[in-house]
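For reference, the chains in residue letters:
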Amino acid sequence: MKLNEIKTVLELMDIEKVKGIHIIDGNQLYERHSLIHDRDSYSLYAIDIRRDSINKLVELIINSYNGNNEVHCCFSDESLWKIELIKISNLEKFLIDKQRIYLLFSPSEGHLSIKKFQDLISRLRAPDGCPWDREQTHQSLRTNLLEETYEVLEAIDQNDGKHLREELGDLLLQIVLHTQIAAERGEFSLSEVIYDINKKITHRHPHVFGGNKAKNIKGVMKNWEKLKDEERINNGTKGFTSILSTIPKQLPSLSIAQKYQERAARVGFDWEEIDPVLSKVYEELAEVKDAKLKQELEEELGDLLFAVVNLVRWNGFDAESVLRLANSKFRSRFEYIEKSISARGEALTDTTLAEMDLLWEQAKQSELSTKVQNEQ
């Protein structure tokens, strides 16, 4: 970047005194998949135009901004610097005859950087901050973290983007709170957490960031386990360590079952087709029917559940999510029964099973009608 040129551009744009403006080498964008700047601050990109890559550059901007948004464009025309306000949707056409350009993005309403949010949480934990936030510890926040995680899952199940945005924010609050507590203890910071996961993901994707190749997902997962083994050795883990050992025991049992199966499958301990998987379910069901003792029945029911989880996995679903959807469906239909009976001035306990079954079928038909209407 040319300092004298940048000074001229800033004076022309009359923003040289703006606090917190970021000046960025925009040529990095040609190799990136997202913009570099935070949208809550002024950012100035200095870009040498590559005509064969203008469409990629503009696509990158459109992915972050609406086409109706505007950006200030500063460019040299016969040694005279000019500035124009251009709609992003018209940017590609505008850049086609330019050689070097400066793009100024103004702060966008409704956006906040992770750094400013981190500062907010730090303020809450300060000596003159919020008494409740100051008292929290990793242990006291455990339940909150779990609850927020499940609320995110519920929003995903409901396919509700607005609700998901809100719940992801609540989950992020928990993550930043935990990192702030750790930072106060001198253990680690949020930037170190991000650094560690960035390093781990880069290392575990040599087929993307290195010279390795992976033909399909199965190959990716096999390489993943191999790299994790290397990490255990490099971290000084001695003796035998199971590939299942890092799966948290606090997870719901259905999730643990599926994760055990996924880990084993990554190293080749899996059937090659789905028919034996289904046969195993029938086999376990038969053993449930044949069980004589209560202890034996309990064990066989567990084996049946484990086999069903494997069938779910083979069909590309998540067992927890599948059961959560079934629970939601049951609740909706049973509430329909309750409301219908209550509307008649009757009690559930005075209603026959046949009457409840009839209402259950009505609830199913109502769901089907709603689904058809939504698809039209």
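The paragraphs below set out a description of the structure included in this document. (Residues numbered from 1 in each chain as written. Predicted model: local features only at pLDDT ≥ 70, side-chain atom pairs only at ≥ 80, totals over all residues. Heavy atoms only, no water.)

## Quick look at a nonpolar patch on the surface
Put simply, the rule reads: Candidates for patches are residues over 30% relative accessible area with no salt bridge; among them, like charges are joined within 9 Å and nonpolar side chains (Val, Leu, Ile, Met, Phe, Trp, Tyr) within 5 Å. Surface accessibility follows the Shrake-Rupley procedure with a 1.4 Å probe radius. Residue values consider only the protein chains on display as shielding. Any carboxyl oxygen of Asp or Glu within 4 Å of a side-chain nitrogen of Lys or Arg constitutes a salt bridge here. What counts as a helix is a DSSP run of H or I of at least four residues, what counts as a strand is a run of E of at least two, and both are numbered from the N terminus. Per-residue accessibility, obtained with a 1.4 Å probe over protein chains only, is compared with the maximum for each type, and a residue is labelled buried under 20%, exposed over 50%, and partly exposed between these values.
On the surface, a nonpolar cluster with roughly 600 Å² of combined accessible area is contributed by F188, V193, I194, I197, I201, V208 and F209. For the nonpolar patch, the secondary structure elements donating two or more residues are α8 (190-203) and α9 (206-209). If one sorts the elements of the nonpolar patch by residue count, α8 sits on top with four residues. The topology assignment puts V193 in helix α8. Its relative accessible area of 32% is what places V193 among the partly exposed residues.

## Digging into the packing of aromatic side chains
Within a pair of aromatic rings, the relevant descriptors are the distance that separates the centres and the angle that separates the planes. Let me state the cut-off plainly: Stacked, edge-to-face and tilted are the three classes for Phe, Tyr and Trp ring pairs, Trp counted by its six-membered ring, which pair at centre distances within 6.5 Å; planes under 30 degrees apart are stacked, over 60 edge-to-face, the rest tilted.
On inspection of all chains with the given rule, the structure shows six aromatic pairs. Considering the side-chain rings of F330 and F334, the 5.9 Å spacing of their centres and the 5 degrees angle between planes classify their relative orientation as stacked. Within this pair, F330 and its partner F334 are both found in helix α14 (residues 319-343), separated by four residues, close to a single helical turn. Where F330 meets W360, the ring centres are 5.5 Å apart and the plane angle is 55 degrees; that geometry is what we call tilted. In this pair, F330 sits in helix α14 while W360 sits in helix α15 (residues 353-375), placing the two residues 30 residues apart along the sequence.

## So, the packing of helix α6 (residues 142-157) against helix α7 (residues 161-184)
Geometrically, a packed helix pair is captured by the angle between its two axes and the distance between the axes. Quick reminder of the rule: Note on geometry: axes are lines fitted to C-alpha atoms, helical ones only across the stretch in contact, with angles between N-to-C directions running from 0 to 180 degrees. With respect to orientation, any angle under 35 degrees is reported as roughly parallel, any angle over 145 as roughly antiparallel, any angle of 65 to 115 as roughly perpendicular, and every other angle as oblique. The handedness criterion is simple: a crossing whose near helix is rotated anticlockwise from the far helix by less than a right angle is left-handed, and one whose near helix is rotated clockwise is right-handed. In this analysis, two residues are considered to be in contact whenever any of their non-hydrogen atoms come within 4.5 Å of each other. Residue type decides the class: Asp, Glu, Lys and Arg count as charged, Ala, Val, Leu, Ile, Met, Phe, Trp, Tyr, Cys and Pro as nonpolar, and the leftover types, Gly among them, as polar.
Following both chains from N to C, one finds α6 and α7 inclined at 160 degrees, their axes separated by 9 Å at the closest point. With respect to each other, α6 and α7 are oriented roughly antiparallel. As for the relative orientation of α6 and α7, their crossing is left-handed in sense. Between α6 and α7, the residues in contact are N144, L145, E148, T149, E151, V152, A155 and I156 and H163, L164, E167, L168, D170, L171, Q174 and H178, respectively. Its residues assigned to classes, the contact of α6 with α7 comprises seven nonpolar, five polar and four charged.

## Overview of the sheet that holds strand β5 (residues 100-105)
How we decide: The criterion for strand pairing is that DSSP finds at least two bridges linking the strands in question.
The strand order β1-β2-β5-β3-β4 describes an open sheet built from five strands, whose pairing is mixed. Edge positions in the open sheet fall to β1 (22-25) and β4 (80-87), since each of these has one partner strand only. Each neighbouring strand pair of the sheet contributes to a mean axis angle of 20 degrees, computed without reference to strand direction. Relative to strand β2 (residues 43-48), β1 runs parallel, the two being bridged by four bridges. Each residue of the ladder has a partner; that of I23, found in β2, is L44. Against the sheet, helix α1 (residues 3-13) makes contact with β1, β2, β3 (70-77), β4 and β5, and its axis sits at roughly 55 degrees relative to β4, the strand it touches most.

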